[in-house]
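Analysis of the macromolecular model
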Amino acid sequence: MSTVFSAEGFRALRTSWILLALAVLAAVAVGVGGHWITERDKREGGASDKRVREARTRLDGARRERDNLAESAEVFRALVERGILQDERRLDLVELVAELRRRHGLLSLDYDIAPQRPLPGSTFGSVDVLSSRVKLRARALHEGDLLAFIEELAHSPRGLYPVDRCVMKRIADDAPTTLRPRVEAECSAEWITLKEKKGAGRAG
Amino acid sequence: MTSQFLYLTNTRMVNLTANAGRLVARREFAVSGEGLEDFERHLRNMDDVPAHIITDLAEEDFRLDTVPHVSARDREQIIARKLGQIFRGTPYKYAMQLGREGDGRRDDRVLYTAITNPEVLRPWLEAIERLHIPLAGIHSAAVFSGNLLAALDLVFPHALLVTFTPGEAVRQTYIRDREIRFSRLTPIDLEEGQPLGAMLAEETTRTWQYLDSLRHFGPQDRLEVCVLVHPKDRPAIEPALRDFAQIQYRLLDIEQVAAKLGLKPPPLGSSAEEVLVHLFLRRPVPNHFASPELRVNATRRSARILLNRASMAVLAGGVAWGGYVASQMVEADRMDGRSTQQLQSINREYDEIVRSLPSRGVGGAAMRDSVAFYNGSIRGYPTLTDFLFPISEVMAVHPRVRLMQVAWQTANDPNATPVLPPSAIRTAPPVRAIRRPGEGGTAPAAATESPDLPFAGGRFQVAVLEGTVRVDGADFRSALGEVDQLAADITKVPGYSATVSESPLDMRPGTSVQGRLGESEPATSEARFTVRVVRERAAP
């Protein structure tokens with residue numbers, strides 16, 4: 001060992017020691033540099049993957065929105081055709097009620113349309129849900145006529161009239177053979193229209 | 001890797017060059033005269049080839065000894081001291097530890113050997129020193145020749161290996177149980193007409209007598225004498241060798257031995273140096289006689305080779321790592337390019353989708369809200385007709401019951417109850433419960449209706465049915481049962497539940513009951529009752 005690890009030994013093997021030192025330095029430099037490069041690539045790869053993931057998430061959201069809107073578009077088109085997104089046209093309701101009364105042979109029909117107001121409990125960011133309370137009191141010979149009248153009003157192709165209350169009762173009659181009302185109904189409905197809020201954005 | 005073997009005898013120096021485990025060149029020099037100059041001239045061309053000196057000299061002495069079996073460190077000190085005492089005048093000495101004695105203290109057996117005359121080596125070593133030849137070691141041919149019999153699978157309790165050396169000498173090495181015990185070199189000095197075999201017979205017999213005098217043999221022991229000989233010398237040897245009870249001769253054909261050891265080409269004569277050097281190449285033995293100072297060039301050469309190999313290994317590792325990093329960079333670039341393409345493709349599709357979203361005159365958000373309101377509040381909104389239809393089917397199987405009034409409403413709360421003013425009954429039964437003020441009857445419907453109440457989503461429909469049940473005479477029991485059954489039948493309809501709110505005749509102990517029975521009672525009467533019905537909309 002002293003032959004190699006002595007001053008004379010180091011002198012004799014100087015070139016080999018220098019070569020080894022240079023090799024170690026070069027290897028360390030390559031190792032450190034390579035590690036730095038691989039770490040940088042890993043970071044950049046991670047960031048790139050994250051960008052792709054985010055873009056894919058955004059795309060998935062857009063696809064979902066497109067699919068939802070495609071489905072919603074059909075519903076929305078039906079609502080537009082029913083005039084839901086128009087201003088309230090009260091004359092239409094007056095004519096509708098008169099027509100239904102005639103069609104179902106109601107003996108009498110009283111109704112009241114209250115002033116339009118926002119529908120309580122329905123708040124949306126892009127549309128105002130407006131409603132007018134409609135109260136109806138009708139009399140008929142048979143309860144079937146009353147029910148048909150209410151049913152047709154609720155399913156009217158022009159406008160939304162969800163009937164939420166009804167009291168239907170028999171009318172006492174001392175002379176059942178005479179042509180007098182036998183059934184009476186008092187019902188309430190909401191006449192609903194929608195109005196887009198000003199400044200509501202498309203993308204929402 | 002090239003190496004050279006300098007086989008030194010008392011008369012010849014044979015230089016054998018080996019490369020890749022095979023002997024590739026041979027030069028022979030005389031020990032006297034111009035042999036040394038020729039040798040030095042030859043050596044100048046091989047100044048970087050490590051050299052092994054293998055001695056096969058008459059000056060080699062062998063002493064067998066035993067030392068107490070002590071710790072390794074003490075044993076080394078004892079052996080070194082004894083070696084110095086035995087061979088005082090030479091630096092070329094070596095102690096080889098053998099096995100242990102079989103009995104007694106079971107001492108360690110040691111073989112001491114030395115080149116007793118250093119002068120035989122000096123001129124050769126000076127030449128090597130001058131030329132800076134890396135001397136790897138000085139080895140005794142006798143010491144490692146014992147390996148030859150083992151390599152040939154010739155293992156005997158007592159064997160005498162007889163080999164011829166360059167320069168007309170014969171070496172006899174006594175091997176007992178694979179351990180070398182003794183060796184001697186004898187010059188071949190034949191008398192007039194004496195065949196070589198007779199001389200061998202005399203010498204081996206003399207050796208046996210010497211060993212026997214040292215009590216190496218028992219009465220039944222026999223010495224196997226193995227003579228390594230070339231076929232061309234066999235006729236001169238074989239006839240003179242006669243086996244005895246104590247000695248048996250075996251002639252080992254040197255060509256067959258060479259073939260078995262893989263030595264090509266086989267030696268051309270009986271001289272054993274090529275066989276022994278080849279054996280050394282196959283099974284290297286440690287240095288025997290060379291001091292560290294003599295081996296300095298070889299040691300530094302080995303260190304230089306080791307350092308250079310380490311440098312190459314480190315560089316190779318660095319290059320390999322660099323290659324790996326480069327491949328990773330290429331892969332990263334490829335992945336980056338793919339990610340960019342994916343990103344562009346995704347963004348393109350996203351833009352196309354955004355551009356294709358329908359608007360229909362109002363914003364997408366407005367459309368979504370409109371549809372959300374419709375789906376959440378209006379779609380599937382209940383109607384009175386749908387509610388009453390299943391109930392009318394139930395009523396059909398209860399002919400004693402007559403429906404008078406229905407108060408129906410939609411609600412978000414199943415506990416909501418619509419108001420219903422009681423109807424007047426013409427033919428009330430003579431027995432009835434008297435209600436306290438505020439009990440039973442409800443306020444007018446208008447009283448609970450307010451434009452500020454939240455719009456009912458229609459999850460629940462609640463109705464109060466007012467009716468009458470026919471009472472035959474005073475049979476209230478069946479009338480009560482009829483109304484209870486009506487409620488139970490309504491409850492059987494999926495989604496419906498019904499409870500009797502006001503019984504035809506309230507029989508609770510807390511209520512007052514009034515009966516007005518006259519002289520003549522009607523055959524039937526109508527008792528009023530109410531039933532509360534709740535229907536829950538099935539989940540979508």
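Here's a quick rundown of the structure.

Procedures and definitions
- Residues numbered from 1 in each chain as written.
- Chains lettered and ligands numbered in written order.
- Predicted model: local features only at pLDDT ≥ 70, side-chain atom pairs only at ≥ 80, totals over all residues.
- Heavy atoms only, no water.
- Helix = DSSP H or I, 4+ residues; strand = E, 2+ residues; numbered from the N terminus.
- Buried < 20%, exposed > 50% of the residue type's maximum accessible area, 1.4 Å probe, protein only.
- Contact = heavy atoms within 4.5 Å.
- Areas by Shrake-Rupley, 256 points an atom, 1.4 Å probe, with all protein chains shown as cover.
- Phe/Tyr/Trp six-rings, centres within 6.5 Å; stacked < 30°, edge-to-face > 60°.
- Lys NZ or Arg CZ within 6 Å of the ring centre and 35° of its normal.
- Disulfide = S-S within 2.5 Å.
- Salt bridge = Lys/Arg side-chain N within 4 Å of Asp/Glu carboxyl O.
- Polar contact = N/O pair within 3.5 Å; in protein donor to acceptor, adjacent residues only side chain to side chain.
- Nonpolar A, V, L, I, M, F, W, Y, C, P; charged D, E, K, R; others polar.
- Pairing = 2+ DSSP bridges.

With that out of the way, let us pick up the overall build of chain B. The helix and strand inventory of chain B stands at 13 helices and 19 strands. By the burial criterion, 47% of the 540 residues in chain B qualify as buried. Residue pairs at least 24 apart in sequence account for 72% of intrachain contacts in chain B once pairs closer than 6 positions are excluded. Looking at chain B as shown, the accessible area adds up to about 26,800 Å², and 52% of this sits on carbon and sulfur atoms.

Inspection of the entire model under this criterion finds 15 aromatic pairs over all chains. Between Phe5(A) and Phe10(A), the aromatic rings sit 6.1 Å apart at their centres with planes inclined by 70 degrees, giving edge-to-face as the arrangement. Residue Phe10(A) is classed as partly exposed on the basis of its relative accessible area of 37%. Residues Phe144(B) and Phe280(B) carry aromatic rings whose centres are separated by 5.7 Å and whose planes lie at 65 degrees to one another, so their mutual orientation is edge-to-face. Separated by 136 residues along the polypeptide, Phe144(B) in helix α4 (residues 141-151) and Phe280(B) in helix α8 (residues 273-282) bring together distant segments of the chain. The exposure classification of Phe144(B) matches that of Phe280(B), with both residues buried. When the ring centre of Tyr350(B) is taken as origin, the NZ or CZ atom of Arg58(A), which lies over that ring, is 5.2 Å away.

Residues and elements named next belong to chain A. Counted under the stated rule, the structure contains one disulfide over all chains. Each disulfide pairs two cysteine sulfurs, and for Cys166 the partner residue is Cys187, the sulfurs being separated by 1.8 Å. Taking the torsion about the S-S bond as the criterion, the Cys166 to Cys187 disulfide, at about 100 degrees, is right-handed. Highlighted residues: Cys166 in strand β4 (residues 163-170) and Cys187 in strand β5 (residues 183-196), separated in sequence by 21 residues. For Cys187, a relative accessible area of 5% translates into the label buried.

Time to look at the interface of chain A and chain B. Taken together, the contact pairs 82 residues of chain A with 75 residues of chain B. The interface formed by chain A and chain B contains two salt bridges. Across the salt bridge formed by Glu349(B) and Arg63(A), the nearest N and O atoms sit 2.8 Å from each other. Here chain A is connected to chain B by 18 residue pairs in polar contact (both at pLDDT 80 or more). Sorting the residues of the side of chain A that touches chain B by element identifies α1 (7-12), α2 (14-81), β3 (127-140), α4 (143-154), β4 and β5 of chain A as the ones contributing at least two each. By residue number, the principal contributor to the side of chain A that touches chain B is α2(A), which donates 34 residues. For the side of chain A that touches chain B, the residue count by class is 40 nonpolar, 18 polar and 24 charged. Pairing geometry for β4(A) and strand β14 (residues 401-411) of chain B, over five bridges, is antiparallel. Bridging from a neighbouring strand, Cys166(A) pairs with Trp408(B) of β14(B).

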